[in-house]
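Listed below are the residues making up each chain.
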Amino acid sequence: MKVELRWHGPIPPAHVVAQVERECAELLENGLTAPHELIFHNVFLGKTLEGPSVFVFGDPKLPDEFQCEYTEETVWKSIGRTEDDKEIRVVDIGSDDDI
C-alpha cells in the first residue's frame, strides 16, 4: 500500500516528510491494516522529546490517508502519577477533551 499523508497546518521540509512516510510504511508492514485504524503515533525529529515532531493519526472519513500535524516544539502534559510516584506524561495536542 502506498503511504498517503494529509497535512494539517504547515508542511515540514522534504526530509521530514520522507521520515514520516518511512515510519508510516513501517506501521503498515508491522500489522496496521489501514491508515484510518491508527489512533496516534508521534514521529520525534529532534535530539530530545521536546523538539520538533509530527503527530500522526487516522480518520475514518479518510481511510487511505495518514493525517499529520507538524510542530516545532513538542509540549508534554502531566496526566497523573504512578504508584511509585513517577510522573505520567503524554504529548499535549491542544485539547483537554482528547484525553
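Procedures and definitions
Residues numbered from 1 in each chain as written. Predicted model: local features only at pLDDT ≥ 70, side-chain atom pairs only at ≥ 80, totals over all residues. Heavy atoms only, no water. Core = buried A, V, L, I, M, F, W, Y, C linked by side-chain atoms within 4.5 Å. Buried < 20%, exposed > 50% of the residue type's maximum accessible area, 1.4 Å probe, protein only. Helix = DSSP H or I, 4+ residues; strand = E, 2+ residues; numbered from the N terminus. Contact = heavy atoms within 4.5 Å. Disulfide = S-S within 2.5 Å. pLDDT = per-residue confidence, 0-100.

(A) Main features of the nonpolar core. Formed by 16 residues in total, the largest nonpolar core has its most connected members in Leu5, Trp7, Val20, Val54, Val56, Phe66 and Cys68. At 5 residues, the largest contribution of residues to this core is made by helix H1 (residues 14-29). If we ignore the near neighbours within four places in the chain, the residues touching Trp7 are Pro12, Val17, Val20, Val54, Cys68, Glu69 and Tyr70.

(B) Representation of the state of the cysteines in the model. For the structure on display, the rule yields 0 disulfides. No disulfide involves Cys24; its sulfur sits 5.5 Å from that of Cys68, the nearest cysteine. Given the relative accessible area of 0%, Cys68 is considered buried.

(C) Quick look at the confidence of the model for the protein chain. On average, residues of the protein chain carry a pLDDT of 91, and 93% of them reach 70 or more. Mean pLDDT across the elements of the protein chain ranges from a minimum in strand S6 (residues 87-91), with 91, to a maximum in strand S1 (residues 5-7), with 97.

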